[in-house]
Amino acid sequence: MTMSTGIGVLRERLRIGGLMLLLGVAVVGALTTLERQRPPEVRAAELSYLPKGEYIRVAALGYHQMAADLIWLEAVQHLGELKQTGSGYRWAYHAVDVVTDVDPAFAFAYQAAGTILGVWAGLPHESIAISTKGMRAYPDVWQLPLVVGYDYYYELHDVRAAARYFRMAAVLPGAPEYLGKLAARMTVEAGDPDAALEFLQRLSMQTQDERIRAGLLKRMKEVVVERDLRFLEEGVRRYRARYGASPKTLEDLAAGGIVNRIPPEPLGGSYRLNQADGTVSNTSLSERMLVHRRPGS
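Numbering of residues starts from 1 in each chain and follows the order in which that chain's sequence is written. Where local features are concerned, this predicted model is filtered to residues with pLDDT of at least 70; where side-chain atom pairs are given and counted, the filter is 80 or more; whole-chain, interface and lining totals use all residues. Computation of side-chain values: all heavy atoms of the structure, hydrogens and water removed.

Visitor: What am I meant to see in the overall build of the protein here?
Guide: By the criteria applied, helices consist of DSSP H or I runs no shorter than four residues and strands consist of E runs no shorter than two, each listed in order from the N terminus. A count of helical and extended segments in the protein gives 13 helices and 2 strands. Looking at the protein residue by residue over its 297 residues, the buried ones come to 41%. It only takes one pair of heavy atoms within 4.5 Å for two residues to be counted as in contact. If you take every contact in the protein between residues at least 6 apart in sequence, the share linking residues at least 24 apart comes to 61%. Where accessible areas are quoted, they stem from the Shrake-Rupley method and a 1.4 Å probe; at the residue level, only the protein chains shown are allowed to cover. Of the accessible surface of the protein, which amounts to about 16600 Å², a share of 58% is contributed by carbon and sulfur atoms. When accessible area is computed with a 1.4 Å probe and restricted to protein chains, residues below 20% of their type maximum are described as buried, those above 50% as exposed, and intermediate ones as partly exposed.

This is how it looks when you write it as structure tokens:
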């Protein structure tokens, strides 16, 4: 074979190799596009077929950390899905539960999954389960009981349990100073909106995840709504005491010198007065945040 012939063969092989590479990239791209077109809950449901973590750990033959990483990469896609369904998040929780069985030292999985499930997905029980599991593996990480406290306070309306976990977080290494004081306030005042806002604002300042921050911001606005409703209802009671009659509209509170102004509704809705019983509602939320109301109020 002459040199020119050899170069020609090499060029041909490189051309064929390049074509095969381009074809491979195109196939992978097409499959990825098709995968993204499948409903999130369908893709997430496939996680239900994961066997128990102890079985995977044995089958991994010493490569359990690598196995955990691979499962986590799949789970985190579904945790990060913006249009994920409740059932999809539950399957993702199952995958993270398996991950942390395979590799109990996977610290980030506990905290990330617990935060997303509690703050964003609205699954406090699953969030508590994975976070308390993390607390057993990492008893000195203050962020884990903090997440559990959040779930109990804002999602499950259990102020006492929330304060207990906040106190647990407050005494762990590296915990911010405000946690201890906040836990004390929540314990004593049992649902004070100002204490709730302080906690949410500080928590929002610490998170680097924009989606989590957005969820906390929405929760802060809901707390502001509850605070405003209380403020306006107290104004109605004062109006009645001063004028011997109920106001016809909320604007009467300002006109009568009871309040300086009617606060704007932070969720984009409006506040409405129920003349029959003097209660105030808003158009953005279907129900009030009972978690922030004192017993009997």
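Visitor: I keep staring at the environment of Ile128 and nothing clicks. Help me out?
Guide: Structurally, Ile128 can be placed in helix α7 (residues 124-137). Distance from Ile128 to Val148, taken between C-alpha atoms, is 5.3 Å for residues 20 residues apart in sequence. What Ile128 contacts, discounting residues up to four positions off in sequence, is Val148, Asp151, Tyr152 and Leu156.

Visitor: Explain the packing of helix α6 (residues 107-120) against helix α12 (residues 210-243) to me, please; I cannot follow it from the model alone.
Guide: For any two helices packed against each other, the geometry comes down to the angle between their axes and how far apart the axes lie. In this analysis an axis means a line fitted to C-alpha atoms, helices contributing only their contacting stretch, and an angle means the value between N-to-C directions, from 0 to 180 degrees. Across the interface, α6 lies against α12 with an axial gap of 9 Å and an inter-helix angle of 35°. Note on packing geometry: the crossing formed by α6 with α12 is left-handed. Between α6, through Thr115, Ile116, Val119 and Trp120, and α12, the contact on the second element is made entirely by Arg211, Ile212, Ala214, Gly215 and Leu216. By the convention adopted, Pro, Cys, Tyr, Trp, Phe, Met, Ile, Leu, Val and Ala count as nonpolar, Lys, Arg, Asp and Glu as charged, and the other residues, Gly among them, as polar. The residue makeup of the contact of α6 with α12, split by class, is 6 nonpolar, 2 polar and 1 charged. Left-handed describes a crossing in which the near helix is turned anticlockwise from the far one by less than a right angle; the clockwise case is right-handed.

Visitor: Would you explain the pairing of strand β1 (residues 271-274) in this entry?
Guide: Remember that side chains alternate between the two faces of the sheet whenever the strand is regular. Strands pair, by our definition, only if DSSP identifies at least two bridges between them. Sheet topology places β1 next to strand β2 (residues 279-282); 4 bridges connect them, and they run antiparallel. Among the inter-strand pairings, Asn274 is bridged to a residue of β2, identified as Thr279.

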